[in-house]
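# A structural walkthrough
Given next are the chains, with one letter for each unit.
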Amino acid sequence: MIIFENVTKMYDGNIGIENVTVKIDKGDFVFLVGPSGAGKSTFVKLILKEVDGDKGRIRVNGMDVTGISNRQIPRLRRSIGIVFQDFRLLPNKTVEENVAFAMEILHISSRTIRRNVPQVLGLMGISSKSKKYPHELSAGEQQRVAIARAVINNPTVLIADEPTGNLDPDTAWEIMQLLEQINRRGTTILMVTHAKDIVDRMGKRVIAIDKGKIVRDDRDGSYGYESEEAYSFRCKPGGVFDNNVY
Amino acid sequence: MFIRGIGNAVKLAFVQIVRNRAMSFASLFSITAMLLVLGLFFILIVNVNMVTESAKKQFDTIQIYLAEETDRTDAQRMIQSLSGTKGVAKAWYLSKEEAMDEYRQKWGDKSYLLDGFQENPLPNSIRVKITDLELADSVVEAAKKLEGIEDIKYYRTAVDKLLAVTGYIKTGALAVIISLIAVSVVVVANTIKLTVLARAREISIMKYVGAGNWFIRGPFLVEGILIGLFSSVVSVLLVGLIYHKLAELFGNDILLIFSVVMVPESFLAANLLRIFMALGVSIGAFGSIISMRRFLDT
Ligand SMILES: Nc1ncnc2c1ncn2[C@@H]1O[C@H](COP(=O)(O)OP(=O)(O)OP(=O)(O)O)[C@@H](O)[C@H]1O
Ligand SMILES: [Mg+2]
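### Re the overall build of chain A
On a plain count of helices and strands, chain A comes out with 8 helices and 10 strands. With 246 residues in all, chain A has 51% of them scored as buried. Across chain A, contacts joining residues at least 24 apart in sequence account for 68% of those joining residues at least 6 apart. Taken as a whole, chain A presents about 11500 Å² of accessible surface, with 46% of it coming from carbon and sulfur.

Here is the structure:
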């Protein structure tokens, strides 16, 4: 469960997010969309306490994020699974070691680790890669490892910042199905994305943010209405958006 | 849980050392090189100390050569009178035969050189052990007044010179050791900083996953300690080898002339290993903690 109450974050003069109030319930699947620089990553960083807000209150999984000390950050992050566009796997560790690492920091017994890691790798469909290093995997496979690591400790919330940004449409769609499956088991999912087709196809809650403010919050939403200007630009033959990825 | 944490850190550290071979080797090399030079200077100091000590011991004795006609009873009377003099610890009689035996013992397997003498050339003598080098002159003065002596041998100036020279050597070597430690701490800290820098991304990822500071620091710390420990063993072996070669080269012949022996290798090895292990471990540990500090602030 994630609650923002009148949260503002400025970067010396620049608006990160401004006076945002929003509530994401347990079990929700939420897309966070908006143009570049809108404040989506800032929203995520505030949840992880990677940056501190200037005003307002943030609660995550019952923890008062605005109030906790730096020493308690590890505890906060252990209750949240995180997936990034660039995977962020440990390059010197094999697939299974990367996933096991998330359990080791919780001092879970090696017997439990040996039992759970193959299970999760199986769920993600990458059992055969367990002894490989990240650089030996395709982008899609690396993202599956990252998701395996994010969910191995059964976090209440899974946050994904453009998890499909580096993937081709088919692989992206496979990753989405994994996320949907994880959501069905009760994990709250917050996914930042620019992928219009994915958002439209999933039909989940969509929070649109622009210039630091929430401009739309739809259940069963779509990526959003386009301005006439943007529409004509997108459909111009040979234009940047002249395909259906977005 | 704490024990398991340590076990985990040791396991990870071993894996990291092997996987980051190049960096581990760089750290190992710089710590070993520094300890090696340090060790050689340390040995120099210990030996110089040994020389001065044995010189002091040797030269705290005054030898009074007796004239041919002085007999044992005269000698006994002289001893009695000397014993009452201030600064005399002990005085005793040494016959020419005993003196010869002493030489034979000192020269060991080269004592056949003494066989060339037809007749014992050494005089009978009285040995006087003095309590304090400072009082030596007054004892010598008192001895000169005795009847029936031929010569008095005392190496006061030699001792003074030797003490001065060894004093310079010790101060010099100490200065080198201190500046060397300063330089090497910088070198080692930088080497480890490079390692950590190369792994800054790794550390940031660990933090995202929720690893606490000590969980991240642990393996680096143990890694530093292991590298330091390994360096100390390697450098002690190298120092030992070099010292052994040196001893082979000089030990028996040249130093015999000065009647001093080099410090035994086994004594040095045991002490060096202990000192170096402590030094290597602390350099490794402090190096890794210092160089990681700025990555773990948040
Ligand atoms: N560390 C920073 N220092 C200064 N300004 C920053 C910093 N991080 C973000 N900003 C500014 O805050 C605003 C919001 O940035 P944010 O990264 O949240 O955007 P975003 O929605 O994630 O964009 P994108 O879709 O391109 O990833 C932008 O104007 C950005 O320039
Ligand atoms: Mg962003």
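### A few points about the pairing of strand 4 (residues 55-60) of chain A
Residues and elements named next belong to chain A. For strand 1 (residues 2-11) and strand 4, the ladder comprises 5 bridges, and the chain directions are antiparallel. In the sheet register, Phe4 faces strand 4, and the bridge partner there is Ile58. Two strands pair when backbone bridges link them, and strand 4 and strand 5 (residues 63-64) are joined in this way by 2 bridges, in the antiparallel orientation. Looking at strand 5, one finds that Arg59 is bridged to Asp64. Counting the residues in the hairpin turn of strand 4 and strand 5 gives 2 residues, including Asn61, whose phi is positive at 50°.

### Section: the site of ligand 1
Residues and elements named next belong to chain A. By nearness alone, 13 residues border ligand 1, and Ser36, Gly37, Lys40, Ser41 and Thr42 come closest of all. Between ligand 1 and the protein, one listed contact pairs an oxygen atom with a side-chain N or O atom of Ser41 at 2.8 Å. Within the contact set of ligand 1, an oxygen atom lies 2.9 Å away from a side-chain nitrogen or oxygen of His194. Expressed as a share of its isolated accessible area of 630 Å², the protein-covered part of ligand 1 is 63%. Of all elements in the fold, only strand 2 (14-24) and helix 1 (40-47) reach the threshold of two or more residues within the shell around ligand 1.

### A closer look at the interface of chain B and chain A
Listed by partner, the interface residues are 22 residues for chain B and 25 residues for chain A. Of the roughly 2100 Å² buried between chain B and chain A on both sides combined, carbon and sulfur atoms contribute 58%. For chain B, the biggest contributors to the area lost against chain A are Arg19, Tyr208 and Val209 of chain B; these three give 34% of the whole. Along the contact surface separating chain B from chain A lie 1 salt bridge. For the pair chain B and chain A, the interface holds 5 residue pairs in polar contact (both at pLDDT 80 or more). If you list the elements that add at least two residues to the side of chain B that touches chain A, you get helix 1 (2-19) and helix 7 (200-209) of chain B.

### Focus on the pattern of salt bridges
Inspection of every chain in the model, using the stated rule, returns 20 salt bridges over all chains. Overlapping salt bridges, with partners in common, bring together Asp28, Arg205, Asp217 and Arg219 of chain A in one network.

### A closer look at the packing of aromatic side chains
Residue and element names in this part refer to chain A. A full pass over the atoms with the stated rule returns 5 aromatic pairs over all chains. Ring centres 5.3 Å apart and planes at 50° place the aromatic pair Phe29 and Phe31 in the tilted group. Accessibility expressed as a relative area gives 4% for Phe29, which makes it buried. Here Phe31 falls in the buried class, since its relative accessible area comes to 0%. Here the guanidinium or amino end of Arg201 rests over the ring plane of Trp173, the centre of that ring lying 3.6 Å away.

### Some details on unusual backbone geometry
All names here are of chain A. Here Asn61, not a glycine, exhibits a phi torsion of approximately 50°, which is positive. Note that Asn61 resides in the loop between strand 4 and strand 5. A relative accessible area of 23% places Asn61 in the partly exposed class. One non-glycine residue, Arg88, adopts positive backbone phi at about 50°. Mapped onto the elements of the fold, Arg88 is located in the loop between strand 6 (80-84) and helix 3 (95-104).

### Things to note about the confidence of the model for chain A
For chain A, the mean per-residue pLDDT works out to 89, and 91% of the residues sit at or above 70. For chain A, helix 8 (residues 228-235) of chain A is the element with the lowest average pLDDT, namely 49, and strand 8 (residues 188-192) of chain A is the one with the highest, namely 97.

### A closer look at the sheet that holds strand 4 of chain A
Residues and elements named next belong to chain A. Ordered in space as 2-1-4-5, the 4 strands form an open sheet in which the pairing is antiparallel. At either margin of the open sheet sits one strand with a lone partner, and together these are strand 2 and strand 5. Running over the sheet, helix 1 touches strand 1, strand 2 and strand 4 and is turned about 115° from strand 1.

### Thoughts on the nonpolar core
Residue and element names in this part refer to chain A. Of all hydrophobic cores here, the largest spans 58 residues; its most connected members are Phe31, Met124, Met176 and Leu179. Per-element tally for this core: the top contributor is helix 6 (residues 169-184), with 7 residues. Setting aside residues up to four positions removed in sequence, Leu179 forms contacts with Phe29, Ile147, Leu158, Pro163, Ile189 and Met191. Val30, Leu46, Ile47 and Leu190 belong to the second largest nonpolar core, which has 32 residues in total.

### Structural notes on the sheet that holds strand 8 of chain A
All names here are of chain A. Strand order in the open sheet formed by 6 strands is 6-7-8-3-9-10, with mixed pairing between adjacent strands. Two strands lie at the open edges of the sheet, namely strand 6 and strand 10 (213-218), each paired on one side alone. Adjacent strand axes in the sheet meet at a mean angle of 15° when their direction is disregarded. By the bridge criterion, 5 bridges tie strand 9 (residues 205-210) to strand 10 in an arrangement that is antiparallel. Counterpart to Ala208 in the pairing with strand 10 is Arg216. In the packing of helix 5 (residues 139-151) onto the sheet, contacts are made with strand 6 and strand 7 (157-161), and the angle to strand 6 comes to roughly 165°.

### Describing helix 1 of chain A
Taken across its 8 residues, helix 1 of chain A has 6 buried, putting it largely inside the fold. For helix 1 of chain A, every residue scored as buried is listed here: Lys40, Thr42, Phe43, Val44, Leu46 and Ile47 of chain A.

### With respect to the packing of helix 5 of chain A against helix 6 of chain A
A pair of packed helices is captured by two measures, namely the crossing angle of their axes and the spacing between those axes. All names here are of chain A. Axis separation between helix 5 and helix 6 bottoms out at 10 Å; the angle between their running directions is 15°. Between helix 5 and helix 6, the angle falls in the class roughly parallel. Judged by the twist between their axes, the crossing of helix 5 over helix 6 is right-handed. Listed contacts from helix 6 to Gly140, Gln143, Arg144, Ile147 and Val151 of helix 5 are Thr171, Glu174, Ile175, Leu178, Leu179 and Ile182. Residue composition of the contact of helix 5 with helix 6, by class: 6 nonpolar, 3 polar and 2 charged.

Here is what the cut-offs are and how they apply
- Residues numbered from 1 in each chain as written.
- Chains lettered and ligands numbered in written order.
- Predicted model: local features only at pLDDT ≥ 70, side-chain atom pairs only at ≥ 80, totals over all residues.
- Heavy atoms only, no water.
- Helix = DSSP H or I, 4+ residues; strand = E, 2+ residues; numbered from the N terminus.
- Buried < 20%, exposed > 50% of the residue type's maximum accessible area, 1.4 Å probe, protein only.
- Contact = heavy atoms within 4.5 Å.
- Areas by Shrake-Rupley, 256 points an atom, 1.4 Å probe, with all protein chains shown as cover.
- Pairing = 2+ DSSP bridges.
- Near = heavy atom within 4 Å.
- Polar contact = N/O pair within 3.5 Å; in protein donor to acceptor, adjacent residues only side chain to side chain.
- Buried area = accessible area lost by both parts, 1.4 Å probe.
- Salt bridge = Lys/Arg side-chain N within 4 Å of Asp/Glu carboxyl O.
- Phe/Tyr/Trp six-rings, centres within 6.5 Å; stacked < 30°, edge-to-face > 60°.
- Lys NZ or Arg CZ within 6 Å of the ring centre and 35° of its normal.
- pLDDT = per-residue confidence, 0-100.
- Axes fitted to C-alpha atoms, helices over the stretch in contact; angles between N-to-C directions.
- Core = buried A, V, L, I, M, F, W, Y, C linked by side-chain atoms within 4.5 Å.
- Parallel < 35°, antiparallel > 145°, perpendicular 65-115°, else oblique.
- Left-handed = near helix turned anticlockwise from the far one by under 90°.
- Nonpolar A, V, L, I, M, F, W, Y, C, P; charged D, E, K, R; others polar.

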